[in-house]
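Here are the chains, one letter per residue:
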Amino acid sequence: METPENNKVNAPAGAAPAAGARPAAVRPAAPAAPAQPAKNLCEPKTVEPAALRKEMERLRRDEQMDFLECLTGMDWGEEGGLGVIYHLESTATGKRVALKTATTDREHPYLPTVSDLWDIANIYEREVYDFYGIIFTGHPDMRRIFMREDWVGFPFRKDSNPEKDNPLRMTNEPLTDLAPCYTLEADGTVRRSETPIFGEDDYVVNLGPQHPSTHGVLHFRIKLEGETIKKVDPILGYIHRGVEKLNESLTYPQTLALTDRLDYLGAMQNRHALCMCIEQAMGVEVSERVQYIRTIMDELQRIDSHILFFSCLCQDLGATTAFLYGFRDREKILDIFEETCGGRLILNYNTIGGVMADIHPNFVKRVKEFIPYMRHNIQEYFDVFINNVIFRNRAEGVGVLSKEQVISFGCTGGTGRASGWHNDVRKRMPYAMYGKVDFKEITRTEGDSFARCMIRMDEILESLNIIEQLIDNIPEGPFQEKMKPIIKVPEGTYYSAVEGSRGEFGVLLESRGDKFPYRLHYRSTGLPLVAVMDTACSGNMIADLITIGGTVDYVVPDIDR
Amino acid sequence: MMKRPKIKSIPYDDFKDNETFEKLVEELNAGGANVIVRKLDDLIDWGRSNSLWPLTFATSCCGIEFMAVCAARYDIARFGFEVTRNSPRQADVILVSGTITTKMAPVLKRLYDQMADPKYVVAIGGCSISGGPFTKSYHVVKGVDQVIPVDVYVPGCPPRPESFLYGMMQLQRKVKVENFFGTTNRKEKDPISRAEQREKDEIILSEEEKA
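Cut-offs applied
Residues numbered from 1 in each chain as written. Chains lettered and ligands numbered in written order. Predicted model: local features only at pLDDT ≥ 70, side-chain atom pairs only at ≥ 80, totals over all residues. Helix = DSSP H or I, 4+ residues; strand = E, 2+ residues; numbered from the N terminus. Buried ≥ 20, exposed ≤ 12 C-beta atoms within 10 Å, placed from the backbone. Contact = placed C-beta atoms within 7 Å. Rg over C-alpha atoms; globule rule 2.2 N^0.38 Å. Nonpolar A, V, L, I, M, F, W, Y, C, P; charged D, E, K, R; others polar. Domains from an automatic or database assignment. Pairing = 2+ DSSP bridges. Axes fitted to C-alpha atoms, helices over the stretch in contact; angles between N-to-C directions. Parallel < 35°, antiparallel > 145°, perpendicular 65-115°, else oblique. Expected span 1.5 Å × (residues − 1). Left-handed = near helix turned anticlockwise from the far one by under 90°.

**Re the overall build of chain B**
Then, number 1: Counting its regular elements, chain B contains seven helices and four strands.
Then, number 2: Each helix and strand of chain B, placed in order from N terminus to C terminus, yields the pattern α-α-β-α-β-α-β-α-β-α-α.
Then, number 3: For chain B, buried positions account for 42% of its 211 residues.
Then, number 4: Excluding contacts between residues fewer than 6 apart, the proportion of contacts in chain B whose partners are at least 24 apart in sequence is 81%.

**Details of the overall build of chain A**
Then, number 1: Counting secondary structure elements, chain A contains 20 helices and 16 strands.
Then, number 2: Relative to a compact globule of 561 residues, whose C-alpha radius of gyration would be 24 Å, chain A shows 23 Å and is just as compact.
Then, number 3: Principal axes of the C-alpha set define a box for chain A whose edges measure 70 × 70 × 50 Å.
Then, number 4: The long-range fraction of contacts in chain A, counting pairs at least 24 apart against all pairs at least 6 apart in sequence, stands at 68%.

**Some points on the interface of chain B and chain A**
Then, number 1: Taken together, the contacts link 34 residues of chain B with 36 residues of chain A.
Then, number 2: Taken together, the elements giving at least two residues each to the side of chain B that touches chain A come down to α3 (61–70) and α4 (105–114) of chain B.
Then, number 3: Considering each element in turn, the side of chain B that touches chain A owes the most residues, five residues, to α4 of chain B.
Then, number 4: Residue composition of the side of chain B that touches chain A, grouped by class: 19 nonpolar, nine polar and six charged.

**Quick look at the domain arrangement of chain A**
Residues and elements named next belong to chain A.
Then, number 1: Domain assignment breaks chain A into domain 1 (42–165 + 178–197) and domain 2 (243–560).
Then, number 2: Between the C-alpha centres of domain 1 and domain 2 there is a distance of 28 Å.
Then, number 3: Across the boundary between the two partners, domain 1 contributes 20 residues, which contact 19 residues of domain 2.
Then, number 4: Where the side of domain 1 that touches domain 2 is concerned, the elements lending two or more residues are β2 (67–75) and β3 (82–89).
Then, number 5: It is β2 that contributes the most residues to the side of domain 1 that touches domain 2, six residues altogether.
Then, number 6: Partitioned by chemical class, the residues of the side of domain 1 that touches domain 2 number 13 nonpolar, four polar and three charged.

**Description of the pairing of β3 of chain A**
Residue and element names in this part refer to chain A.
Then, number 1: In terms of burial, β3 is largely enclosed, as eight of its eight residues are buried.
Then, number 2: Side chains of β3 alternate between two faces, with Leu82, Val84, Tyr86 and Leu88 and Gly83, Ile85, His87 and Glu89 buried alike.
Then, number 3: Two strands pair when backbone bridges link them, and β3 and strand β4 (residues 96–103) are joined in this way by eight bridges, in the antiparallel orientation. Bridge pairing links Leu88 to Val97 in β4.
Then, number 4: The antiparallel hairpin formed by β3 and β4 contains six residues in its connecting segment, where Gly94 sits at a positive phi of about 80°.

**Some points on the environment of Leu246 of chain A**
Then, number 1: Looking at the secondary structure, you find Leu246 of chain A in helix α6 (residues 243–247).
Then, number 2: Residue class for Leu246 of chain A comes out buried when judged on the 22 C-beta atoms lying within 10 Å of it.
Then, number 3: C-alpha separation for the pair Leu246 of chain A and Arg519 of chain A, spaced 273 residues apart in sequence, amounts to 9.9 Å.
Then, number 4: Once residues lying within four places of it in the same chain are set aside, the contact partners of Leu246 of chain A are Leu258 of chain A together with Phe134, Lys136 and Ser137 of chain B.

**Focus: unusual backbone geometry**
Then, number 1: The peptide bond linking Cys157 of chain B to Pro158 of chain B adopts the cis configuration, its omega dihedral lying at -15°.
Then, number 2: Following the sequence through the fold, Pro158 of chain B ends up in the loop between β4 (152–154) and α6 (161–176).
Then, number 3: We note that Asp553 of chain A has phi near 65°; this positive angle belongs to a residue other than glycine.
Then, number 4: With respect to the secondary-structure elements, Asp553 of chain A resides in the loop between α19 (544–552) and α20 (556–560).
Then, number 5: Residue Asp553 of chain A is classed as buried on the basis of its C-beta count, with 27 C-beta atoms lying within 10 Å.
Then, number 6: Of note, the phi angle at Asp75 of chain B is positive, near 40°, even though the residue is not glycine.

**Examining the packing of α3 of chain B against α6 of chain B**
A packed helix pair is summarised by two numbers, namely the angle formed by the two axes and the spacing between the axes.
Residue and element names in this part refer to chain B.
Then, number 1: One can describe the packing of α3 onto α6 by two numbers: an axis separation of 9 Å at closest approach and a directional angle of 80°. Of the possible angle classes, the one that applies to α3 and α6 is roughly perpendicular. Residues Glu65, Phe66, Ala68 and Val69 of α3 form the contact with α6, whose participating residues are Pro161, Phe164 and Leu165.
Then, number 2: Residue classes in the contact of α3 with α6 are distributed as six nonpolar, no polar and one charged.

**What about the sheet that holds strand β15 (residues 503–511) of chain A?**
Residues and elements named next belong to chain A.
Then, number 1: Taken in spatial order, the three strands line up as β14-β15-β16 in an open sheet, and their pairing is antiparallel. In this open sheet, the two strands that pair with only one neighbour each are β14 (492–500) and β16 (519–523). Averaged over all adjacent pairs, the angle separating strand axes in this sheet is 15°, with direction ignored.
Then, number 2: Two elements, β15 and β16, share five bridges in a ladder whose sense is antiparallel. Paired with Val507 across the strands is Tyr522, a residue of β16.
Then, number 3: Relative to β14, helix α8 (residues 267–282) is tilted by about 150°, and along the sheet it contacts β14 and β15.

**Side note on α6 of chain B**
Since the α-helix packs 3.6 residues into each turn, any two residues three or four apart lie on the same face.
Residues and elements named next belong to chain B.
Then, number 1: In a regular helix each residue adds 1.5 Å, so 16 residues correspond to 22 Å; α6 covers 23 Å between its end C-alpha atoms and thus fits that length.
Then, number 2: Where burial is concerned, most of α6 is hidden: 12 out of the 16 residues are buried.
Then, number 3: Every buried residue of α6 is listed here: Pro161, Phe164, Leu165, Gly167, Met168, Gln170, Leu171, Gln172, Arg173, Lys174, Val175 and Lys176.
Then, number 4: Where the residues of α6 are buried, they touch α1 (19–28), α2 (35–49), α3, β2 (93–97), β3 (120–124) and β4.

**Overview of the packing of helix α7 (residues 252–259) of chain A against α8 of chain A**
Residue and element names in this part refer to chain A.
Then, number 1: At a minimum axis distance of 8 Å, the contact between α7 and α8 shows a crossing angle of 155°. Taken together, α7 and α8 sit at an angle that is classed as roughly antiparallel. Crossing geometry of α7 relative to α8 is assigned as right-handed. Of the residues in α8, those touching α7 at Tyr252, Thr255, Leu256 and Thr259 are Asn270, Arg271, Leu274, Cys275 and Ile278.

**Some thoughts on the sheet that holds β2 of chain B**
Residue and element names in this part refer to chain B.
Then, number 1: The four strands lie next to each other as β1-β2-β3-β4, forming an open sheet whose pairing is parallel. Taken across any chain shown, the strands that pair with only one partner, and hence form the sheet edges, are β1 (54–55) and β4.
Then, number 2: Pairing geometry for β2 and β3, over five bridges, is parallel. Paired with Val96 across the two strands is Ala123, which belongs to β3.

**Regarding the pairing of strand β10 (residues 219–225) of chain A**
Residue and element names in this part refer to chain A.
Then, number 1: Both strand β9 (residues 203–207) and β10 contribute to a ladder of five bridges, which runs antiparallel. Across the sheet, residue Leu207 finds its bridge partner in β10, namely Phe220.
Then, number 2: Note: β10 against strand β11 (residues 228–235), seven bridges, orientation antiparallel. By the bridge assignment, Leu224 is partnered in β11 with Ile229.
Then, number 3: In this antiparallel pair of consecutive strands, β10 and β11, the connection spans two residues, and Gly226 shows a positive phi of 65°.

**Digging into the environment of Gly98 of chain B**
Residues and elements named next belong to chain B.
Then, number 1: Take Gly98: it is sitting in the loop between β2 and α4.
Then, number 2: As a C-alpha pair, Gly98 and Ile124 span 26 residues in sequence and 7.0 Å in three-dimensional space.
Then, number 3: Setting aside residues no more than four positions away along its own chain, Gly98 makes contact with Ala58, Thr59, Ser60, Cys61, Cys62, Gly63, Gly125, Cys127 and Ser128.

**Focus on the environment of Leu111 of chain B**
Then, number 1: Mapped onto the fold, Leu111 of chain B is located in helix α4.
Then, number 2: For the pair Leu111 of chain B and Ile94 of chain B, spaced 17 residues apart in sequence, the C-alpha separation works out to 8.8 Å.
Then, number 3: Setting aside chain neighbours within four positions, we find Leu111 of chain B in contact with Gln210 of chain A together with Leu55, Phe57, Pro88 and Ile94 of chain B.

Written out as structure tokens, the structure is:
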């Protein structure tokens, strides 16, 4: 992995103008290299670790940067050190800012925590510790989150060899009940202390890793008092495949293949995000036809995901008939996908500079048949399940999340919108055709399980509206730009986001001008949703955990990546 | 002795690979079989092969396809597989649908150990066969057959519902030729216990050498 370029000091700020001036055009006829830096280039402001706390507190309090969008661990090699990139956004003003900090001490890398300012930083910092070994001083719970506790080394470091140190261990996984905390003393030393996660007399129930209602392999340790949940401690990583690390040794077109397998119910959108990120970084403009096709496909995927959400929720609550209703309609969408993409679930459709193949001649006809079909059938969902008094009683007023909580936890997507937070990326940062179509951002204010379910139902109808506006007007044009056989992205750090099926799916790409990405980080839509489970479930009954988990709607392979 | 088991849904000659299967039948019946016992076996096999209860075990994408197979269009109930069990103690077959990571491997092994005999394993999708697209990853088991013995492999990423059903019918054929009385059936040896056995053998050998 260690290339000579890795030793270069990373200075995206200085490299940016040069990046823009590079010949990003990929064929003679393509538009000339952009004079300005790429649209999605982010130039994180460097902050020294010592000054980080002060700066973060200022941003949080004075500039109301209340949404920690993304927190990415980085390994910039020997000279750049180990560090973190923060993406912050203010929900009040919409202002966005990126910061970075780094420490060159590879033996004992310490950075100050921000977990007291944003709730979601707690779990993000644990992720960075797990992958890079950066210890956040003042963090209350510095345990590993994805790897086993007896894992040796930190897999994402450029100089690590995780497979050599970690053979397949068939012993049962050790699980500690102590949360280590590292505090920075006044004299500069670091003191380690441990606090128990559960008390001596606590009644703790395990849910998962193999449980039909966890939507994948997820492990919760639940502290109960009678039937009331007091605490939920998620243990992740049962489907951690190291996609981000794998990406560092794959060429750009190869990295695309893995995005579909992150959140397989948002395969189109995930891949759209990565393609868009690379295209914008290279200054490639895709044709309007591609934009139309991508938008329609994204919305079809969203409907597909929301139908599956409904089906699984019904199944989890014991309504098998409703599950069958949902899958009946989902198959119609899969038919449309299959004709054009050849796949049902893993679609592999978007590609850098366009889409893999033009739409099937039947596509428009099929989609136009599907719109009234779905509008009619969604009524049945209400008749058979949602208006049912049993479901109402189990969902209304259960698992309430306030707007402040969802923002602090960064719960984008339907979960955030159910609590009244306008977080739709399609409105916040319009991409593809979303700036030109007329659609509503569905929000509710209750923040309970029922609102989260209804958001998704309404979004199905809204997605149908979007498709209806576009389907008749798909312009003529190429479905793919001609790209060079070897794709190289100009140096710099780039961030692009799309509205995935269950929230903001972001791609952070750091390139050093190679044909491999230096670092490719995905902002998982599901990780904040699992992080919020503790807050959402505390005080509710153990049986409601299934409803809350179902309506919060996470997909585990997307969390673990 | 049953050599060409009848599967209702698909004629014998329509299966792609009959040679491997015939070899298996030959091996199973190498010693011959008692007529009465074999007839009893046929009856049990008929019942078992048409009511294989799968464990709801899914780690990633293939699990969603499994749900589609269970739903109305592909209707797994036609074959008697629709009784999905949430507890391994009640299940006959574990469909490993999805990537198995090194953290998940001990859990999978434990689930398998908890199932009652006779039990079967179907590896579904590229990930569970060989690691699939993640085979270079540091955290992925390169094939579930390193952890538990596998009866049928269903390739695809994810496999189409039709291949699911084809794989399940292959399993039905396998069950149909088994002998439950008298002889042992399991030809796929448990990989872990085999490795452990080898280790033990080596220890004994080295001790003998010392002596």
